[in-house]
Amino acid sequence: MFTSVDDVSARLAETGYLASPAVATTVFLADRLGKPLLVEGPAGVGKTELAKAVAEVAGARLVRLQCYEGVDESRALYEWNHAKQLLRISAGRDETWDEARTDIFSEEFLLTRPLLTAIRGDDPKVLLIDETDKADVEVEGLLLEVLSDFQVTVPELGTIAATRRPFVVLTSNASRELSEALRRRCLFLHIGFPDEELERRIVRLKVPGLDEALARSVVRVVGALRAMDLRKVPSVAETVDWAHTLLALGAGSLDETVVRAMLGVLLKHQDDVLKASAKLDLDAL
């Protein structure tokens, strides 16, 4: 998909995703080497958006597996359409079981889920396995076969191998440690909070009506909040939301009244709001 690291940066920027040199380099290598990309970092820093941007750049279909506690093979890989199978069996009452079985365990009755969908067909795809750390450990076993050989075994149909490998992005908020076997199959990328200059550029891109001076002030306040010992520090997503809020309210500058009235946009816990209200010093920024 990409010819160079600079090509990655330029083409992602066209979609509205401003990539740091580390991000652009790792995406280029994942594409060139055909390796899955494991992206870790706090929530709201652009892990999921990176997969969406790559799909847009490549003109590829985005196939997303949203992980959660309890997700299993039937939700991640495939399952059989049992209702349709029962109707087929009822319609063929005079058939033997061997005759019916050959029919009901065929493509017509197969419900493909994200992992199987991603490796079937010749069209370009980006497979996003989102919040991998929220899935049970057993689910990683399903991923190993897919990410090692890009193939899936369906007992009734045999092994289905990819004719065109998808670009794979796994995201994790590091709420639990992923297995070494899974990590070995991936290139690793950590996306943290951007530096002040990059975050200012992101804010200006996402909220074009915000003037330069106010954008700088917004980023400095968010940076000061991140330096505090809070339960949940604001991420880039909250910075952009706050910038949108200021623009909607017509705020031309930041003062104590404006900042304290809108801390709930940046912070999601009352004890964090109280702590920030007591410690935040706008004059020192």
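So, a few notes on the structure that sits alongside this text. In this text, all values refer to a predicted model and were calculated from it rather than measured experimentally.

### Quick look at the overall build of the protein chain
Item 1. The number of helices and strands found in the protein chain is 15 helices and 9 strands.
Item 2. Taking 285 residues into account, the globule formula puts the C-alpha radius of gyration at 19 Å, and the protein chain, at 24 Å, lies well above it.
Item 3. The dimensions of the protein chain, computed from C-alpha atoms along their principal axes, are 85 × 45 × 35 Å.
Item 4. Of all 285 residues assigned to the protein chain, the portion counted as buried reaches 46%.
Item 5. If you sum the accessible surface of the protein chain, you get close to 14000 Å²; carbon and sulfur atoms cover 51% of it.
Item 6. With 35 positive and 46 negative side-chain charges, the protein chain shows a spacing of 2 Å between the two charge centroids.

### Looking at helix α12 (residues 236–249)
Item 1. The terminal C-alpha atoms of α12, which comprises 14 residues, lie 20 Å apart, in line with the 20 Å expected from a rise of 1.5 Å per residue.
Item 2. Taken together, the buried positions of α12 are occupied by V236, E238, T239, V240, W242, A243 and L246.
Item 3. Just downstream of α12, G250 is the residue with a positive phi angle, here 70 degrees.

### Describing the pattern of salt bridges
Item 1. Within the structure shown, the criterion is met by 21 salt bridges.
Item 2. Linking E199 and R226 is a salt bridge whose minimum nitrogen-to-oxygen distance equals 2.8 Å. Of this pair, E199 sits in helix α10 (residues 196–206) while R226 sits in helix α11 (residues 212–226), and the two are 27 residues apart along the sequence.
Item 3. Accessibility expressed as a relative area gives 1% for E199, which makes it buried.
Item 4. The exposure class of R226 is buried, given its relative accessible area of 17%.
Item 5. Overlapping salt bridges, with partners in common, bring together E197, R200, R204, E212 and R216 in one network.

### Section: the packing of α10 against α11
Item 1. At a minimum axis separation of 9 Å, α10 and α11 run at an interaxial angle of 125 degrees. With respect to α11, the element α10 is oriented oblique. As for the relative orientation of α10 and α11, their crossing is right-handed in sense. Contacts from E196, E197, E199, R200, V203 and R204 of α10 reach α11 at E212, A215, R216, V219, R220, V222 and R226.
Item 2. Residue composition of the contact of α10 with α11, by class: 4 nonpolar, no polar and 9 charged.

### So, the environment of N173
Item 1. For N173, the position within the fold is in the loop between β8 (167–172) and α9 (180–184).
Item 2. Once the C-alpha coordinates of N173 and F2 are considered, the two residues, 171 residues apart in sequence, prove to be 27 Å apart.
Item 3. Ignoring any residue separated from it by four or fewer positions in sequence, one finds N173 in contact with G41, P42, A43, K47, E131 and D133.
Item 4. A polar atom in the side chain of N173 sits 3.0 Å from the side chain of K47.
Item 5. A distance of 3.4 Å separates a polar atom in the side chain of N173 from a polar atom in the side chain of E131.

### Describing the nonpolar core
Item 1. One finds L225, W242, L254 and L280 to be the most contacted residues of the largest nonpolar core, which totals 33 residues.
Item 2. Secondary-structure elements contributing two or more residues to this core are α10, α11, α12, α14 (263–266) and α15 (270–279).
Item 3. Sequence-distant contacts of L254, that is, excluding residues within four places in its chain, are made with L214, S217, V218, V221, W242, L246 and V259.
Item 4. Residues A76, F109, A135 and L178 belong to the second largest nonpolar core, which totals 32 residues.

### Topic: the sheet that holds strand β2 (residues 61–66)
Item 1. Sheet architecture is open: 5 strands sit in the order β2-β5-β8-β1-β9, paired in parallel fashion. Edge positions in the open sheet fall to β2 and β9 (187–190), since each of these has one partner strand only. Averaged over all adjacent pairs, the angle separating strand axes in this sheet is 20 degrees, with direction ignored.
Item 2. Here strand β1 (residues 37–40) runs beside β8; their pairing, made up of 4 bridges, is parallel. Each bridged residue has a counterpart across the sheet, and for L37 the counterpart in β8 is V169.
Item 3. Together, β1, β8 and β9 form the strand contacts of helix α2 (residues 21–33), whose direction differs from that of β9 by roughly 165 degrees.

Quick notes on the rules
- Residues numbered from 1 in each chain as written.
- Predicted model: local features only at pLDDT ≥ 70, side-chain atom pairs only at ≥ 80, totals over all residues.
- Heavy atoms only, no water.
- Helix = DSSP H or I, 4+ residues; strand = E, 2+ residues; numbered from the N terminus.
- Rg over C-alpha atoms; globule rule 2.2 N^0.38 Å.
- Buried < 20%, exposed > 50% of the residue type's maximum accessible area, 1.4 Å probe, protein only.
- Areas by Shrake-Rupley, 256 points an atom, 1.4 Å probe, with all protein chains shown as cover.
- Lys, Arg positive; Asp, Glu negative; His and termini not counted.
- Charge placed at Lys NZ, Arg CZ, Asp CG, Glu CD.
- Expected span 1.5 Å × (residues − 1).
- Salt bridge = Lys/Arg side-chain N within 4 Å of Asp/Glu carboxyl O.
- Axes fitted to C-alpha atoms, helices over the stretch in contact; angles between N-to-C directions.
- Parallel < 35°, antiparallel > 145°, perpendicular 65-115°, else oblique.
- Left-handed = near helix turned anticlockwise from the far one by under 90°.
- Contact = heavy atoms within 4.5 Å.
- Nonpolar A, V, L, I, M, F, W, Y, C, P; charged D, E, K, R; others polar.
- Polar contact = N/O pair within 3.5 Å; in protein donor to acceptor, adjacent residues only side chain to side chain.
- Core = buried A, V, L, I, M, F, W, Y, C linked by side-chain atoms within 4.5 Å.
- Pairing = 2+ DSSP bridges.

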